[in-house]
Amino acid sequence: MRLRVAAGGPAALKVLAAAGAAAAPVRLVWGGPLERPLAPLSPPWAPALELDSGTVLFSPNAICQFFFLARGEEPTDLTNQWLEWEATELQPAASAALYAQLVHGRKGLEAVEALGKLLAHIEQNLSRRGTAYLAGDTKSVADVVVWGTLFPVLQDETSLPSELQVLRTWFQSMTLSEACRKAADSVLMPKALLEFKSYLQKQPSPCLAMERATSNEPEEEEGSEPALTEEEITAAVDAWARGVAALPKPWQPQKPVLPVEGMRNVLITSALPYVNNVPHLGNIIGCVLSADTFARYCRLRNWNTLYVCGTDEYGTATETKAVEEGLTPQEICNKYNAIHTDIYRWFDISFDYFGRTTTPYQTMIAQDIFQRLLARGFLLQDTVEQLQCEDCQRFLADRFVEGTCPFCSYEEARGDQCDKCGKLINAVELKNPQCKLCRGVPVVKPTQHLFLDLPKLEEQLEPWLEQSWATGDWTANARYITRSWIRDGLKPRCITRDLKWGTPVPLDGFRDKVFYVWFDAPIGYLSITANYTDQWERWWKNPQQVELYNFMAKDNVPFHSVIFPCSLLGADDNYTLVNHLIATEYLNYEDGKFSKSRGVGVFGDMAKDTGIPADIWRFYLLYLRPEGQDSAFSWSDLMLKNNSELLNNLGNFINRAGMFVCKFFGGTVPDMVLTPDDERLLARVTLELHQYHQLLEKVRIRDALRCILSISRHGNQYIQVNEPWKRIKGDEKDRQRAGTVTGVAVNMASMLAVMLQPYMPSVSLAIQGQLCIPPDCFVLSHNFTCTLPPGHRVGTVSPLFQKLEHDQIEALRKRFGGGQAKQTPPASVTLVAPGDPQLIQELTEEVAKQGNHVRQLKANKAEKAQVDTEVVKLLELKKQLALAEGKSPEVLAPTGKRKK
């Protein structure tokens, strides 16, 4: 192998370090800075690896991965996540920081300002995982790649913020390793750096237009705003002057909504929630609320939009819940479907239809897809070794088996998938399996099942995926989860189960079985649409006219990106396949997880009892939507965002704009004479509006919300600088200026009402009512136009938001912190098990977590009083677990070392 690198080029650093760390047998060829790269489109200084076969790799990250693969080190999903993050988030910011250092001469913390959030991300992950390296306890290609990107910027370690101690330790460890040290000495030579600096000085400054996406806080620095061009200002003034005539006419589809020739037809689904669970805030933001926000945006764009969802009602979980509550499965479905419907209605989710999977259409469509797969040879029959709990006298569904993952050794893997490494598992592959219902040890029994032949379908799946990725918007996590599945090789997947409650299998020899829920459930999208309209095939068998968006949390990705598409491709009936797969990370609650049984966290049926309006919940959940990494709900942060962003920023601006019209101009919008400052404001607001559209078209919902808040900040600053309350008392020129400022401000408020509608529909409607915004203006365009012209009369203006007080928030924090759960002993479960399986699972996790904490304290030789306190907590958790499992808690006692 021949590796060509250029001294001074930052990309050379990571490939040399990777070659050294992986002991790759490469022949180094040093290229000059002005040499033409081997690939026509490669940038100068780009390394290239020429393999013995003649193949040439040009991507630095691909070269690094090749070296480690050649040594036999397969990347884990976590490694791939880091590589994707480094390429999309870290590299652009590091390039900007290096440019600032070498070209602008910035030093220390000032130079790495653009890296602040990204460095904190590394610190947080290293701290949370407690590992020495990014993807585990041993160095991986991810460590080399991330270090190689950071080192040119951070080689002076004083640039590292002092509070990032874990990151500092990792960085020093990498820098001192032989491979990294030799790479740095070879590449970053003074003469070569001067040549690289000379090259950079001839290049434009790196643009971080999307930098806001990596931040949880909006930018407030005036100096960071891009300069306006004369063309942008002129275009903004022209659009303003055209007024309402420049807006498209709002379009209302006929009912039922059906695809329309020549229009953009958007079909939106959110992952079907399990009927037996009450959704918590994380479930709501991960699926229905995100999809609702995008659906509302699509409708404001006059796109022909259908949004469907419903409860997923078949499967073991429903059977078990029915036994717990002494109801039939259908009765439990009816009960919880109504609960889900009420919750989503309160959150103002704008489904075109919210249905369910226990319908004749579900049976008809699922069985038809099955028969088509069978006829085309895409189903296999095999004897399966399945776990049976002899105490519960039933075959155990995957979700009711728990054990150690055979791939990553995670001790709490489910019988279908490991939550840690993300790999799918057959339950019998688990080490040390346990029945989650009774904690007994299940036995393996043979049973006949049907399988979807995924390897045979792979040749259809891969080209479809490549096309969908090239033309659609898939989130980064959806792409790498899917890639890891394909990379590992597809295997036949069982689609039947030994259950009663489900869609029956229409094949002799299998009529006592039902379809596995993850074969059956996605078909619910089709059957729910069929219950909405008998012309459902115009949506679901029309890929030429329909764009399909799927919304879900990341754990549902493989079923929507591989298994369900394979089912539809194999059925060969012109089905509409997903174009845009939008997956979120997880939303946690304060410092832990949501737990209904233990009273931890806010669940959908509780939110309305807090006294906080639904739109405030919507705003906050969308503000911290976990788009790129996990985020956490925090009561303190909810109060802060409500009081600062909503009350003091957005609400303050809209209220002042409307009040000035009422107070100073008799409720009528005054005449406006624009000055150059006003025209620049129009252009600035127009740029924010364009950014809002660009982000939402890419389903960057959280980041687009920042644009709304940025516009209202511009508005508040505009009012504050021009002081219309003072100018109205001055001469004619001052009064005219007060009128112009008031008129422009109230038109900004009018536009914000429309932009806000996808996020806070009730607040948007309130603004529309207060300002008497004409219905024809309630449509989104790319231009900021004068929709409330001089002479327009506004209505009664009143505050939109109320302050959240500290005492109120503390009371809610305490109420939803889990304390109330201790007052009620866990209910026993008859017939199936003596305890709630969900409670047992959660308590088992807590016992394991606390046990590890105690062992760590002892290993670190902590003070005896501290250890004793934590042991008491552990015993209390074990006592709760014993009660939940139906055992006597009296047997629990501290276990010390036996005396010899």
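Residues numbered from 1 in each chain as written. Predicted model: local features only at pLDDT ≥ 70, side-chain atom pairs only at ≥ 80, totals over all residues. Heavy atoms only, no water.

### Some thoughts on the side chain of Ser567
- As for its position among the elements, Ser567 is in helix H20 (residues 557-571).
- When its relative accessible area of 2% is taken as the criterion, Ser567 is described as buried. (Helix = DSSP H or I, 4+ residues; strand = E, 2+ residues; numbered from the N terminus. Buried < 20%, exposed > 50% of the residue type's maximum accessible area, 1.4 Å probe, protein only.)

### So, the nonpolar core
- Ranked by internal contacts, the top residues of the largest apolar core, which has 184 residues, are Ile268, Ile369, Trp617, Trp635, Tyr692 and Tyr759.
- Judged by nonpolar contacts, the second largest core, of 53 residues, contains Leu49, Cys64, Leu154 and Val187. (Core = buried A, V, L, I, M, F, W, Y, C linked by side-chain atoms within 4.5 Å.)

### Concerning the environment of Gly651
- Relative to the elements of secondary structure, Gly651 occurs in helix H23 (residues 635-665).
- Considering only alpha carbons, one finds Gly651 and Ser798, 147 residues apart in sequence, at a separation of 9.8 Å.
- Filtering out sequence-adjacent residues up to four positions away, Gly651 remains in contact with Leu646 and Phe801. (Contact = heavy atoms within 4.5 Å.)

### Here we look at the confidence of the model for the protein chain
- Per-residue pLDDT for the protein chain has a mean of 85; in total, 85% of the residues score no lower than 70.
- Low pLDDT, under 50, characterises residues 37-42; the stretch is placed with eight contacts to residues that sit more than four places away or in other chains.
- Scored below 50 in pLDDT, residues 208-223 shows 40 contacts in the model against residues more than four places distant or in partner chains. (pLDDT = per-residue confidence, 0-100.)

### Comments concerning empty space enclosed by the protein
- All told, the structure shown has four cavities of 30 Å³ or more when counted by the stated rule.
- Taken as a whole, the largest cavity holds about 120 Å³ of empty space.
- If you go around the largest cavity, you meet 14 residues; those closest to its centre are Leu247, Met751, Val754, Val779 and Asn783.
- A breakdown of the residues in the lining of the largest cavity according to their chemical character gives nine nonpolar, five polar and no charged. (1 Å grid on protein atoms, 1.4 Å probe; cavity = no way out; pocket = protein on both sides within 12 Å on 5 of 7 lines; lining within 4 Å. Points joined across faces, edges and corners; volume = space filled by probe spheres on them. Nonpolar A, V, L, I, M, F, W, Y, C, P; charged D, E, K, R; others polar.)

### Brief notes about the pattern of salt bridges
- In total, this model carries 37 salt bridges according to the counting rule given.
- The salt bridge involving Asp292 is made with Arg618; its shortest N-O contact spans 2.8 Å. Within this pair, whereas Asp292 is found in helix H11 (residues 281-300), its partner Arg618 is found in helix H22 (residues 614-623), the two being separated by 326 residues in sequence.
- On the basis of relative accessible area, Arg618 is assigned to the buried category, the value being 0%.
- Ionic pairing is found between Arg511 and Asp508, a salt bridge with its closest N-O pair at 2.7 Å.
- What makes Arg511 exposed here is its relative accessible area of 52%. (Salt bridge = Lys/Arg side-chain N within 4 Å of Asp/Glu carboxyl O.)

### Quick notes on the packing of aromatic side chains
- All chains considered together, the criterion is met by 32 aromatic pairs.
- Seen from their ring centres, Trp240 and Phe784 are 5.3 Å apart, and the 70° between their planes marks the pair as edge-to-face. Note that Trp240 is positioned in helix H10 (residues 230-242) and Phe784 in the loop between helix H28 (761-771) and helix H29 (806-815), a separation of 544 residues in sequence. Each member of the pair, Trp240 together with Phe784, is buried.
- A centroid spacing of 6.2 Å and a plane angle of 65° characterise the contact between Trp464 and Trp474, whose relative ring orientation is edge-to-face. Of the two residues, Trp464 sits in helix H15 (residues 454-471) while Trp474 sits in the loop between H15 and helix H16 (476-488), which places them 10 residues apart along the sequence.
- For Trp464, a relative accessible area of 11% corresponds to the buried category.
- Feature note: the residues Phe294, Tyr297, Trp303, Tyr549, Phe551 and Tyr692 constitute an aromatic cluster, connected by ring pairs.
- Here the guanidinium or amino end of Lys423 rests over the ring plane of Phe407, the centre of that ring lying 5.7 Å away.
- Geometry around Trp469 places Arg483 over its ring, the cationic atom sitting 5.2 Å from the centre. (Phe/Tyr/Trp six-rings, centres within 6.5 Å; stacked < 30°, edge-to-face > 60°. Lys NZ or Arg CZ within 6 Å of the ring centre and 35° of its normal.)

### As for the sheet that holds strand S3 (residues 48-50)
- Pairing is mixed in the open sheet, where four strands are placed in the order S2-S1-S3-S4. This sheet does not close on itself; its edge strands, each paired only once, are strand S2 (27-31) and strand S4 (56-57).
- Sheet analysis places strand S1 (residues 2-6) next to S3, joined by three bridges and oriented antiparallel. Bridge assignment links Arg2 to a residue of S3, and that residue is Glu50.
- Contacting S1, S3 and S4, helix H2 (residues 60-70) runs over the sheet at an angle of about 45° to S3. (Pairing = 2+ DSSP bridges. Axes fitted to C-alpha atoms, helices over the stretch in contact; angles between N-to-C directions.)

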